[in-house]
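Results of the structural survey
If you want the building blocks of each chain, they are given just below.
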Amino acid sequence: MSLKFPPRFKADAESHSLHLRQRLGLNARVACPAKLATGVHGILLAAAGALSDEIVDALVDEFPDHLKVRQHLKWVASDTTEFSAIVAIVNGYRMILYNGNNSPARQESDIMHELAHILCEHRGDCLQLNADISLRVHNACHEQEAKWLGAALQIPEKGIFDHVRAGRTSEEIAEIYGASLQMVNFRRNTLAIDRRISYLR
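Considering all chains together, one arrives at seven salt bridges under this definition. R196 is the partner of E157 in a salt bridge, and the nearest nitrogen-oxygen pair spans 2.7 Å. Taken together, the residues E157 in helix α7 (residues 157-165) and R196 in helix α10 (residues 193-200) connect sequence positions 39 residues apart. In this structure, D162 engages K158 in a salt bridge whose closest nitrogen and oxygen atoms are separated by 3.2 Å. Linking D162 with K158, this pair stays in helix α7, spanning four residues, or about one helical turn. Where salt bridges share partners, they join R29, K158 and D162 into one cluster.

Right, let's get into the side chain of R188. Its location among the elements puts R188 in helix α9 (residues 181-190). In this view, R188 contacts I160, V164, R168, T169, S170, I193 and D194; residues no more than four positions away in its chain are not counted.

Axis separation between helix α6 (residues 140-154) and α9 bottoms out at 11 Å; the angle between their running directions is 105°. In this view, α6 runs roughly perpendicular relative to α9, as classed from their interaxial angle. Mapping the contact onto sequence places K147, W148, A151, A152 and Q154 in α6 and M183, F186, R187 and T190 in α9. A class-by-class count of the residues in the contact of α6 with α9 yields five nonpolar, two polar and two charged.

What counts, and at which threshold
Residues numbered from 1 in each chain as written. Predicted model: local features only at pLDDT ≥ 70, side-chain atom pairs only at ≥ 80, totals over all residues. Heavy atoms only, no water. Salt bridge = Lys/Arg side-chain N within 4 Å of Asp/Glu carboxyl O. Helix = DSSP H or I, 4+ residues; strand = E, 2+ residues; numbered from the N terminus. Contact = heavy atoms within 4.5 Å. Axes fitted to C-alpha atoms, helices over the stretch in contact; angles between N-to-C directions. Parallel < 35°, antiparallel > 145°, perpendicular 65-115°, else oblique. Nonpolar A, V, L, I, M, F, W, Y, C, P; charged D, E, K, R; others polar.

In structure tokens:
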């Protein structure tokens, strides 16, 4: 059963994406790197596998199960983990920890997803790290909202519409936005880009 978005959520997601680019002097047809996007919002960014002992200690303080957190951070440092990213509060500062072992395109998607959690004010949530263990509550509605907004932040509707209308392939669009082909196709399909363009011809 699919979950419903709040009223105007999708329209507001597109507005967030365009406003973010406007603040950075970018238009909808170019990439907005996740590192720039998080910087605009004053959010620290770090590859979790390269955390210092001081940050690990501060991060552990945010969670009741210290051993579990340390285990996860150890797994993140390996190239076999399925960890993607997580929002944490470290010494009062918001931080997104991401898996630096993932591909650059995957990192962009992961970071934008976590930024979306912050913009949606999803307090107390994080990604479930694997099927058995999560550090905080997993909320399906929040995950759906973060997935949509994160994708919009990475690939605005206006931008992908213009690129497809200009005849660019999904592979070319993925290269432009530093995104995965899967992300481009997700946006292209869920926004019905090709059908809408066909109506204009």
